Amino acid sequence: MDISGHTRLLGFFADPAEHSQSPAMYQACFRELELDYCYLAFRIPEGEIGRAVEALRVLNMRGANISMPHKQKVIPYLDRLDETARLCGAVNTIVQEDGILTGYNTDLAGAGRALREMDCTAGMGSKRGQAVLLGLGGAGQAVLAALCALEEPAISVFVREPERASYQVFLDRLHRHQEEQGMHRSAIRLLSLWDTKLLKKELHASHLLVNSTSVGMGERAGQSLIPDPSYLQPELAVMDVIYAPRETELLRQARQAGCRAYKNGLDMLLYQGAENFQLFTGCAMPIQAARQVLDK
């Protein structure tokens, strides 16, 4: 691609950031549509996200995608929040317009579409009606909101500190949203990750497991929050929001346990990327060009 004085810069802010496939995905789409943008990944250490956000204004960047561990901590540095970001309590996309920074959460749409496609292609199984979610950070809140939008009847959320006040604030906001939209109110329970006996029981009664934590990537590559494959069962579908490595330890366990479906976070990346592309450029993302990059 040709870089000029008119080229608009976009970024990916995370720690780690080197694993990101977003630069390759977006650049392929810019080439396909002949758009004058450049997308780069930046490793932003925890505690430095405020300075990184200010750089969006100083450098007149068009925007940035935000990933772990900054999705919640970035909010105080923004001027506005879209309804999706307010609902999820987390931001994964910032768009800069005339110095005004607006935060969005496109993980919600991306997770929802990826989950729908996985269950449709794999069959629903006989245990439809209960799901298990691991983690309730920035990605976890978007996944939980997506599960509620899919009107999942019962969701068991396993976290390290179930009593954390911010979790209850989020659940209250989520339930209000369901009521305002006339949606079925999902029964959500916050449970302890340390209670492995209960975790196993819930997984054996569920049709879906989603890992929304960073366990399985970076310094935690090769690790899983599931102690061993016996916690899983054939009627379970498993999704890990991590996509690097392609097969996390959790997905290896799912394969060993003969789970009916298991997938990494590439589809979620693709579908939230399509939402982001529209926000950044005003154009529809050429999905096929993006998928070809991600499938390599």
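Residues numbered from 1 in each chain as written. Predicted model: local features only at pLDDT ≥ 70, side-chain atom pairs only at ≥ 80, totals over all residues. Heavy atoms only, no water.

As a packed pair, helix H5 (residues 138-149) and helix H6 (residues 165-180) sit with axes 11 Å apart at the nearest point and diverge in direction by 30°. Considering their axes alone, H5 and H6 lie roughly parallel with respect to each other. Between H5 and H6 lies a crossing whose hand is right-handed. On H6, the residues touching Gln 141, Leu 144, Ala 145 and Cys 148 of H5 are Phe 170, Leu 171, Arg 173, Leu 174 and Gln 178. Residues belonging to the contact of H5 with H6 are distributed by class as follows: six nonpolar, two polar and one charged. (Axes fitted to C-alpha atoms, helices over the stretch in contact; angles between N-to-C directions. Helix = DSSP H or I, 4+ residues; strand = E, 2+ residues; numbered from the N terminus. Parallel < 35°, antiparallel > 145°, perpendicular 65-115°, else oblique. Left-handed = near helix turned anticlockwise from the far one by under 90°. Contact = heavy atoms within 4.5 Å. Nonpolar A, V, L, I, M, F, W, Y, C, P; charged D, E, K, R; others polar.)

Right, let's talk about the side chain of Ser 67 for a bit. Mapped onto the elements of the fold, Ser 67 is located in the loop between strand E3 (63-66) and strand E4 (80-81). Classification of Ser 67 by relative accessible area gives buried; the value is 18%. Each residue touching Ser 67, except ones within four places of it in the same chain, is listed here: Phe 12, Phe 13 and Ala 14. (Buried < 20%, exposed > 50% of the residue type's maximum accessible area, 1.4 Å probe, protein only.)

The subject of this paragraph is H5. Here H5 contains 12 residues, and its C-alpha end-to-end distance of 17 Å stays within 8% of the 16 Å for a straight helix at 1.5 Å per residue. Summarising burial for H5: 11 of the 12 residues are buried, a large majority. Looking only at H5, the buried set comprises Gly 138, Ala 139, Gly 140, Gln 141, Ala 142, Val 143, Leu 144, Ala 145, Ala 146, Leu 147 and Cys 148. Looking one or two residues beyond H5, the residue adopting positive phi is Glu 151, at roughly 60°. (Expected span 1.5 Å × (residues − 1).)

Our next topic: the sheet that holds strand E5 (residues 93-97). The six strands lie next to each other as E2-E1-E3-E5-E6-E4, forming an open sheet whose pairing is mixed. Looking at strand neighbours, the two that pair on one side only are strand E2 (37-43) and E4, the edges of this open sheet. Of the pairings in the sheet, the one linking strand E1 (residues 8-14) to E3 comprises four bridges and is parallel in character. If you follow Phe 12 over to E3, its bridge partner there is Asn 65. Its contacts with the sheet put helix H2 (residues 49-58) on E1, E3, E5 and strand E6 (100-104), and the angle it makes with E1 is roughly 170°. Of the strands in this sheet, E1, E2, E3, E5 and E6 are in contact with helix H9 (residues 266-281), which crosses E5 at around 10°. (Pairing = 2+ DSSP bridges.)

Looking now at the pattern of salt bridges. Within this structure, the stated rule accounts for 16 salt bridges. One salt bridge connects Asp 79 with Arg 57, and the closest N-O pair in it is separated by 2.8 Å. On the criterion of sequence distance, the pair formed by Asp 79 in the loop between E3 and E4 and Arg 57 in helix H2 is long-range, its members being 22 residues apart. One salt bridge in this structure joins Arg 291 and Asp 267, with 3.5 Å as the shortest N-O distance. Here the residue Arg 291 occupies a position in helix H10 (residues 287-294), and Asp 267 occupies one in helix H9, the gap between them amounting to 24 residues. Each of Asp 15, Glu 18 and Arg 43 takes part in one network of salt bridges that share partners. (Salt bridge = Lys/Arg side-chain N within 4 Å of Asp/Glu carboxyl O.)

Taken by themselves, the reported measurements are silent on function.
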